[in-house]
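# Working through the structure, step by step
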Amino acid sequence: MADDLQKGLDEVLVAESSLSHIDGDAGQLVYHGYDIKDLAREASFEEVLYLLWNDELPERDDLEAFVEDLSAEYTIEEGVVTTLEDLVAADERPMAAVRTAVSMLSASDDEDAEPGDIDAVRHQGLRIAAKFPTILAAYDRLRNGEEPVEPNEELSYAANFLYMLHGEEPDDVAAETFDMALILHADHGLNASTFTSMVVASTLADTYSSVTGGISALSGSLHGGANQDVMEVLLELDESGQDPTEWIAEQIDDGRRIPGWGHRVYNVKDPRAEILTEKSEDLGNASGEKKWYDYAAAIEKYLTEEEDFPSKGLAPNVDFYSGTVYYQLGIPLDMYTPIFAMSRTAGWVGHILEYQSDNRLIRPRARYVGPTDEEFVPIDER
Ligand SMILES: CC(=O)SCCNC(=O)CCNC(=O)[C@H](O)C(C)(C)COP(=O)(O)OP(=O)(O)OC[C@H]1O[C@@H](n2cnc3c(N)ncnc32)[C@H](O)[C@@H]1OP(=O)(O)O
Ligand SMILES: O=C([O-])CC(=O)C(=O)O
């Protein structure tokens, strides 16, 4: 048994996967062989969802049948809405609210499932992916004192979410931008939340449990929570009224960790951040309000040219520009990480399907460093 300690599991191989490949030095990401740049520009999120769950891109009739099955599950049960109302009353964060609501989707699933049944993973995964946008949009409306908007099956997955959130159909730019953001966040190897889902699934727990685990892991600021943190930083900079370069230099002097920078796998700028940089600038140009893009770009320039970030392999990750894109689409800050979860459900379920089809319980070990020969003293004599 190897005794090398691999804290954080860097470089430890625990599975084989054909879902996504990352070249961290070249800054390249592919989903099942297709470059993320091509998928972002040419495909829809529904096609990517199909790809990650079926290992191939759909033909048109496959896609139509898949979208029909997906949209048939868009509606959420009254009990879920009641729970969301209770969570609004408790002032719960949207990320915690979706975690709770996704967990309770098992209650309304009447299909019996044997542990390890791949068809059950597919069925449960489809229900979760379909209902996720409905839950999230309903939560935002309820907390604003508005009635949830019924899903519109005629719209794309991305457009339907924006429609349910804002109560009106998005324009093409908003729908296409959001669709692209969903594609970019759909999968990324064995990141912490995907691995969490796989660990839960490897016990043959159901997919509701596995995805709930994934949402929990994604919520933290070292992982998916960073997209909200980035926008908070940009708002803080705006509030300060300072020049972005001076402001970021002060933050570095104070030893602050910059959200949206650094990645366990990339040593160069994340290819998804490259695409989101362009999108953020395009949205700014189109609206005439470019300051959010400008702030982020000024920080990137400073950290790249004036600090030793590049030599440490620190560059913008996917979260650095996504916040400015969502902000310009009028999405509330605390919805950014749940939106990431909505998209990453595709990857979580894809990895569960792949892993459970040749399952082995995931169970690493810790090196024991505690005492070994303590004498037990009964509680009343301690
Ligand atoms: C979707 C995603 O999950 S992408 C990642 C989202 N998370 C963030 O953006 C949060 C900010 N980034 C980070 O905290 C880290 O870069 C992580 C967690 C993403 C990756 O961390 P690790 O690979 O474990 O690197 P680790 O935390 O060991 O940092 C290595 C060195 O880089 C520094 N560093 C890493 N990230 C940053 C950052 N964002 N700002 C400043 N310094 C950083 C660390 O201080 C450390 O420096 P040292 O060696 O001088 O002590
Ligand atoms: O891969 C990782 O460690 C983090 C992640 O989920 C991503 O970048 O999308």
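Residues numbered from 1 in each chain as written. Chains lettered and ligands numbered in written order. Predicted model: local features only at pLDDT ≥ 70, side-chain atom pairs only at ≥ 80, totals over all residues.

Per an unreviewed UniProt entry, the protein chain carries the name Citrate synthase and comes from Halococcus hamelinensis 100A6. Regarding the protein chain, the relevant UniProt record gives this comment under Sequence similarities (unreviewed entry): "Belongs to the citrate synthase family." (UniProt positions renumbered as here; feature names shortened; annotations may be inferred.)

Looking at ligand 2, the residues that line it are His188, Gly189, Asn191, Arg264, Val265, Asn317 and Val318. Each residue belonging to the shell around ligand 2 can be placed in one class, and the counts come to two nonpolar, four polar and one charged. Lining the shell around ligand 2 are residues from two domains, each supplying at least three of them: domain 1 (28–222 + 341–356) and domain 2 (226–328). (Near = placed C-beta within 6 Å. Nonpolar A, V, L, I, M, F, W, Y, C, P; charged D, E, K, R; others polar. Domains from an automatic or database assignment.)

Looking now at the UniProt feature "active site" (unreviewed entry) in the protein chain. When the UniProt feature table is mapped onto this chain numbering, "active site" (unreviewed entry) sits at His263 and Asp319. Taken together, the annotated residues stretch across 57 residues yet fold into one region, lying no more than 10.4 Å apart by C-alpha. The topology assignment puts His263 in the loop between helix H12 (244–253) and helix H13 (271–287). Look at His263 and you get buried, because 22 C-beta atoms sit within 10 Å. Non-local contacts of His263, meaning those with residues more than four positions away in its chain, are made with Asp270 and Asn317. Within the secondary structure layout, Asp319 lies in helix H15 (residues 319–328). Excluding residues within four positions of it along the chain, Asp319 makes contact with Ala226, Asn227, Val230, Pro259 and Gly260. (Helix = DSSP H or I, 4+ residues; strand = E, 2+ residues; numbered from the N terminus. Buried ≥ 20, exposed ≤ 12 C-beta atoms within 10 Å, placed from the backbone. Contact = placed C-beta atoms within 7 Å.)

Domain boundaries assigned for the protein chain yield domain 1 (28–222 + 341–356) and domain 2 (226–328). The gap between the C-alpha centroids of domain 1 and domain 2 is 27 Å. Facing the 13 residues of domain 1 at the interface are 14 residues of domain 2. Elements represented by at least two residues in the side of domain 1 that touches domain 2 include exactly strand E2 (28–31), helix H1 (36–42) and helix H8 (172–184). Of the residues forming the side of domain 1 that touches domain 2, the biggest block, five residues, is contributed by H8. For the side of domain 1 that touches domain 2, the class distribution of residues is seven nonpolar, five polar and one charged.

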